[in-house]
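Chain by chain, the residues:
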Amino acid sequence: MAVDINVYVRKPGKNQNQKLKKEGKIPAVLYGKNVSNTPISVNEKDITNLLKRHGKGAIYNVTVDGSTFSTIIKEIQEDPVTGKVLHIDFQQVSLNEEIEKKVPIVVTGEGLVESKGGIIQHQLRELELVGLPQDLPSEINIDVSNMNIGDTVFVKDIKLPDGIEVKDDPDGVVLSVIYTKASEVPVENEATEE
């Protein structure tokens with residue numbers, strides 16, 4: 001499902017960016033095969049709400065000068081302290097052509113792993129996928145609640161929608177469940193008490 005977003009053509013330049021910030025807008029750029037690099041801006045509240053609702057992986061319909069382009073968010077620059085969006089790159093895509101895209105990995109069920117005395121050690125935080133833009137997931141969910149200490153998830157273990165290919169090494173480690181140092185101490189104490 002594509003998401004419509006309102007954008008505004010802007011003048012490039014640092015002074016313009018500061019002016020946009022005062023107006024509650026974020027500088028962005030639209031580029032792609034069928035569109036020249038176009039400086040645009042988006043309303044900060046709008047994009048924040050859309051990202052919360054649909055994520056970075058959604059297809060966004062961007063309309064500029066009466067033409068609508070199907071786009072993906074290729075890159076988001078965020079303030080490292082506040083997390084506020086500073087700049088967005090919208091890449092125009094064809095819904096009939098496969099693209100490569102990095103998709104974030106989202107882990108759920110960590111609390112149950114921690115209750116067993118383990119922690120999740122991440123090796124990969126995203127996977128490089130290939131497929132039609134509308135078929136690519138916006139995120140890859142991994143439920144670790146049934147995992148035990150010593151278990152590992154490999155790239156090849158991840159179930160993806162039909163027609164989606166992974167560029168990463170199938171034998172690459174995504175995450176592992178390891179002992180915490182705190183959990184090793186009680187195990188040793190129990191052994192000495194017996």
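Source: prediction; values computed, not measured.

**Student:** Can you explain the sheet that holds strand 12 (residues 152-154)? Please cite residues and give values.
**Tutor:** The pairing of strands in a sheet comes from backbone hydrogen bonds and takes either a parallel or an antiparallel form. Across the sheet, which stays open at both edges, the three strands sit in the order 9-14-12 with antiparallel pairing between neighbours. This sheet does not close on itself; its edge strands, each paired only once, are strand 9 (118-122) and strand 12. Across the sheet, the mean angle separating the axes of adjacent strands is 15° when strand polarity is ignored. One ladder, built from five bridges, connects strand 9 with strand 14 (residues 173-179); its direction is antiparallel. Its bridge partner being in strand 14, His122 is matched across the sheet by Leu175.

**Student:** Tell me about the pattern of salt bridges, and please be specific about residues and values.
**Tutor:** Note on pairing: side chains with opposite charge can pair once their charged atoms come close. Per the counting criterion, the structure on display carries five salt bridges. Between Glu78 and Lys56 there is a salt bridge, and its shortest N-O distance comes to 3.7 Å. Of this pair, Glu78 sits in strand 6 (residues 67-78) while Lys56 sits in the loop between helix 2 (44-54) and strand 5 (59-64); the two residues are 22 residues apart in sequence, bridging distant segments of the chain. Classification of Lys56 by relative accessible area gives partly exposed; the value is 44%. Close ionic contact of Glu100 with Lys167 constitutes a salt bridge, the shortest N to O distance being 3.4 Å. Of this pair, Glu100 sits in strand 8 (residues 99-108) while Lys167 is found in the loop between strand 13 (165-166) and strand 14, placing the two residues 67 residues apart along the sequence.

**Student:** Kindly report on the sheet that holds strand 11 (residues 140-143), identifying the contributing residues and their values.
**Tutor:** Strand order in the open sheet formed by four strands is 11-8-10-13, with mixed pairing between adjacent strands. The open sheet terminates on both sides in strands that have one partner only, identified here as strand 11 and strand 13. Looking at chain direction, strand 8 and strand 10 (residues 126-131) are connected through six bridges and run antiparallel. Following the sheet pairing, Ile99 is matched in strand 10 by Gly131.

**Student:** I'd like a rundown of the UniProt feature "domain: Large ribosomal subunit protein bL25 L25" (unreviewed entry) in the protein, residues and numbers included.
**Tutor:** Taking the UniProt record as the reference, the feature "domain: Large ribosomal subunit protein bL25 L25" (unreviewed entry) is found at residues 5-90. Across residues 5-90, helical content stands at 23% and strand content at 52%; the span's end C-alpha atoms are separated by 11 Å.

**Student:** I'd love a proper account of the pairing of strand 1 (residues 2-5), names of residues and values included.
**Tutor:** Of the two faces of strand 1, the one holding Val3 and Ile5 is buried and the one holding Ala2 and Asp4 is not buried anywhere. By the bridge criterion, four bridges tie strand 1 to strand 5 in an arrangement that is parallel. Looking at the pairing, Ala2 lines up with Ile59 of strand 5.

**Student:** Can you tell me about helix 2, naming the residues and giving the values?
**Tutor:** Buried within helix 2 are the following residues: Ile47, Leu50 and Leu51. With its buried residues spanning 100° around the axis, helix 2 presents them on a single face. More than 90 degrees from the buried face of helix 2, the exposed residues found are Lys45, Lys52 and Arg53. Those residues of helix 2 that are buried are in contact with strand 1, strand 3 (25-32), strand 4 (35-43), strand 5, strand 6 and strand 7 (85-92). Between the side-chain oxygen of the N-cap and the backbone nitrogen of Lys45 there are 2.9 Å, and the N-cap of helix 2 in question is Asn43. Two residues or fewer past helix 2, Gly55 is found with a positive phi of approximately 80°.

Conventions we followed
- Residues numbered from 1 in each chain as written.
- Predicted model: local features only at pLDDT ≥ 70, side-chain atom pairs only at ≥ 80, totals over all residues.
- Heavy atoms only, no water.
- Pairing = 2+ DSSP bridges.
- Helix = DSSP H or I, 4+ residues; strand = E, 2+ residues; numbered from the N terminus.
- Axes fitted to C-alpha atoms, helices over the stretch in contact; angles between N-to-C directions.
- Salt bridge = Lys/Arg side-chain N within 4 Å of Asp/Glu carboxyl O.
- Buried < 20%, exposed > 50% of the residue type's maximum accessible area, 1.4 Å probe, protein only.
- UniProt positions renumbered as here; feature names shortened; annotations may be inferred.
- Arc of directions from axis to C-beta.
- Contact = heavy atoms within 4.5 Å.
- Polar contact = N/O pair within 3.5 Å; in protein donor to acceptor, adjacent residues only side chain to side chain.

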